[in-house]
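Notes for the structure review
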Amino acid sequence: MGTSRNVERRTILKAAGASAAALGLGATTACGGDSGSGDGTVTLRYAWWGGEPRTIAIKKTIALFEKKYPKIKIKPEFTDYEAFWEKFQTQASGGNPPDVFQNAVGFLRKYDKRGVLMDLKSQADAGNLDLENFRNGVLANGQVDGKQIGIPVGANTMALVIDLKAFEKAGVEAKFGWTWDEYFDALQTIQDKLKIAGDTGYFSIMYLYDLYLRQNGKAFFTDTDLGFTEDDLTQWWEDGYKRVRSGLVADPKKIEQVKPKSGLSAGLAASEFTWDNFSIRYEGEGESDYGLAPIPTTDGKQTGQYLGSLMMSAFSGTKHPKEVAQFISFMVHDPEVGKIMGYDRGILATTEQYDAFKPADANNKGVAAYEEEVAKAGVLGKITPHPSGTDVIEAAFLRIGGEVAQGRTKPADAAKALFSEAKAAFAG
Amino acid sequence: MTSATSPALHTANERRRTGSIAWHVGALALLAVVLYPVIWVVGASFKPSKDIIASLDLLPTKPVWANFSGLADGISGISISSFFWNSLMYAVLAVVGVVLSSSLTAYAFAKIRFAGRNLLFTLMIGTLLLPYHVLLIPQYVLFRNLELTDTLVPLVAGKFLATEAFFVFLMVQFMRGLPRELDEAAKLDGCGHLRTYWSIALPLSRPALITSAIFTFINAWNDFMGPLIYLNTPDKYTVSLGLMMFRDQEGISNYGSMIAMSLVALVPVIAFFMAFQRYLIDGMATSGLKG
């Protein structure tokens, strides 16, 4: 008995040894550490989402920065949009988000509430971050309750993307200040003449409904709540569903089938509402020519548009706030950076960068001309507040709107569902 | 007698043959349905990127190599081979860890009587009921405090500590089925537990070990959440993370290279399975009988 016990103990020791060895093996690959080293060099983690062109451009700008600030090293982390936020959520909960990262308006309050975002005002006061020369007041997009928690890198606005060939063939034209009635009449003509739908499903897009509400003196959000009533939304979705049934809006089943391609580039419909800086995808996907058209209005003048932004934010717990601020300042102001980035993240936010970059390709020129036209028309308003939970509500709006389109949910029930999901999202 | 039976036999044969033909046709039809997605992926990998989401054809009208040759350029400045190397390291370490630690634990549960064995076994099985997402953040905080994020350690440490309860359970059940007489014979020959484990239990449990190894390899190879949370430096990304980099929600996704890469990513999994599945059958048939 005694010997067998000994062996048991030895077995356990062996097992422990094996595990320890395994851990050691793993640990040899470890060479992390985000902090400074002996010679005063500081390493910052910088994370963003986006496709390959953005990543390659950002890497070039990082190289420029490191040349100018040899004591600061930037460690890039990048992935696609969904993976980025999934990862960010865990890292933020675990107290280990990147020092600097790409951010969007819809996430500001969410992470501000959890204390993840640094108020960059103090760094601006200390002279490490320049808050001058932002165009069209976009700097305000990064402000929440008097704190500057995001620095815009670009500006974009909702737009109507149209199939230029289809519009021409049907003999209809998109004009500045056209009304919703005129817009739907134009779609009707397209449907009659070309036998395709007019739109791909406008009524599931939260940001478009926001514009419609703004045209009518409301907005999608107040600072803490939804800015419309259940009846408003029921009406919006009832009208939408009517247009699906009449064929003015494309069959949602077909739209689903061609995904991930857009219904517009698949030729199922002649127009689609989206952010203007997303419009590059249509040329890449579709056979026709595409262009940006004005948002329809209610009163013949107000489109309800505003400039949204991608921005850069910093982690409140970073060990190197000064270097983070210097990095952000360089990235948003340096003209060379503007030349490299172009309009990938929206029209460049500062005058230094905007003046430095001259768009050469048709798509960038189109986007620039569009935003200039919108700005000239004087329709740009103050941005709608984006309370914590905006990202969840946007997804719910798209999903529930899709159920309405397929006739699976009655508009009134759908509106009720959205209100209850919104309540949960605000609380979360 | 014979003249009476032969026509009956004839029709019976005939019936059997039509039955067999119907069976084969049915099986082939089912096979076609099951294989369709695979064939679609293979076909799509030879289509120009734009056609992949545009055309419904199963096979490309004009096959192109661009998707595969494009992989050689890497993505966003990272070579594709680094994704594969990282995945391979992760999968191999996971397999080694699971096979060693789970079998040792299983031996203890199956062959050694000790106080609290049943309670511990129940607790271990109980961990199967814990959802992954409950563990995610505490585990993350733990490894962050150990400063082990952005390494493979958080991904494989658990595998070396027999935390994969399912595989432990599988091996326990298998080892319980091994004849006791073999252990007793070993004991008479002077073997301790370690020797019995290494020379008797382990070789005889080969089918269970192989099964665990195959599943662990596939799980690690396909794991997305773990690498996503723990690995920060793109040079350390695994294949599953690398695949995501071809997507671009705001611009033009590179579907061609994405599909080509997912096809290439299948190769190691299939190779691993092919290499080990014959041991699986071989082992089942002879376990406990070989000298």
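Residues numbered from 1 in each chain as written. Chains lettered and ligands numbered in written order. Predicted model: local features only at pLDDT ≥ 70, side-chain atom pairs only at ≥ 80, totals over all residues.

Where an unreviewed UniProt entry is consulted, chain B appears under the name Carbohydrate ABC transporter permease, with the organism given as Streptomyces cyaneochromogenes. The UniProt entry for chain B carries this comment under Subcellular location (unreviewed entry): "Cell membrane". As its UniProt record puts it under Sequence similarities (unreviewed entry), chain B is described as follows: "Belongs to the binding-protein-dependent transport system permease family." (UniProt positions renumbered as here; feature names shortened; annotations may be inferred.)

Going by the annotation in an unreviewed UniProt entry, the name recorded for chain A is Extracellular solute-binding protein, with Streptomyces cyaneochromogenes given as the source organism.

1. Overview of the interface of chain B and chain A
With 46 residues of chain B in contact, the opposing surface of chain A contributes 46 residues. At the level of elements, α4 (80-111), α6 (132-145), α7 (153-160), α10 (193-204), α12 (225-230) and α13 (239-244) of chain B are the ones that each hand at least two residues to the side of chain B that touches chain A. Per-class residue counts for the side of chain B that touches chain A are 26 nonpolar, 14 polar and 6 charged. (Contact = placed C-beta atoms within 7 Å. Helix = DSSP H or I, 4+ residues; strand = E, 2+ residues; numbered from the N terminus. Nonpolar A, V, L, I, M, F, W, Y, C, P; charged D, E, K, R; others polar.)

2. Quick notes on the UniProt feature "domain: ABC transmembrane type-1" (unreviewed entry) in chain B
Mapped onto the present numbering, the UniProt feature "domain: ABC transmembrane type-1" (unreviewed entry) falls at residues 84-276 of chain B. For residues 84-276 of chain B, the helix share is 75%, the strand share is 0%, and the end-to-end C-alpha distance is 20 Å.

3. Some remarks on unusual backbone geometry
Residues and elements named next belong to chain B. Phi at S76 takes a positive value of approximately 50 degrees, unusual for a residue other than glycine. Tracing the chain through its elements places S76 in the loop between α3 (66-71) and α4. Among the residues examined, S76 registers 20 C-beta atoms within 10 Å and is labelled buried. Its identity is not glycine, yet E147 carries a phi of approximately 55 degrees, on the positive side. Tracing the sequence through the fold places E147 in the loop between α6 and α7. (Buried ≥ 20, exposed ≤ 12 C-beta atoms within 10 Å, placed from the backbone.)

4. Quick look at the domain arrangement of chain A
All names here are of chain A. When cut into domains, chain A gives domain 1 (42-152 + 313-366) and domain 2 (158-307 + 381-427). A separation of 30 Å is found between the C-alpha centroids of domain 1 and domain 2. Between domain 1 and domain 2, the residue contacts involve 15 residues of the former and 15 residues of the latter. Contributions of two or more residues to the side of domain 1 that touches domain 2 are made by α4 (105-113) and α15 (362-376). Broken down by element, the side of domain 1 that touches domain 2 gets its largest block of residues, 7 residues, from α4. When its residues are assigned to classes, the side of domain 1 that touches domain 2 shows 6 nonpolar, 6 polar and 3 charged. (Domains from an automatic or database assignment.)

5. Things to note about the sheet that holds strand β9 (residues 197-199) of chain A
In a beta sheet, neighbouring strands pair by backbone hydrogen bonds and run either parallel or antiparallel. All names here are of chain A. Taken in spatial order, the 4 strands of this open sheet run β9-β10-β8-β11, and their pairing is mixed. Strand pairing shows two members of the sheet lacking a second neighbour, β9 and β11 (290-293), which therefore form its edges. Along the sheet, successive strands turn relative to each other by an average axial angle of 25 degrees, direction set aside. Where strand β8 (residues 158-163) and strand β10 (residues 269-275) come together, 5 bridges link them in antiparallel fashion. Bridged to A159 within β10 is T274. (Pairing = 2+ DSSP bridges. Axes fitted to C-alpha atoms, helices over the stretch in contact; angles between N-to-C directions.)

6. Structural notes on the UniProt feature "transmembrane region" (unreviewed entry) in chain B
All names here are of chain B. Summarizing the sequence annotation, UniProt attributes the feature "transmembrane region" (unreviewed entry) to residues 21-43, 90-110, 119-140, 152-175 and 255-276 in the numbering used throughout. The span residues 21-43 is 100% helix and 0% strand, and its two end C-alpha atoms sit 30 Å from each other. Summarising residues 152-175: 79% helix, 0% strand, and an end-to-end C-alpha distance of 31 Å.

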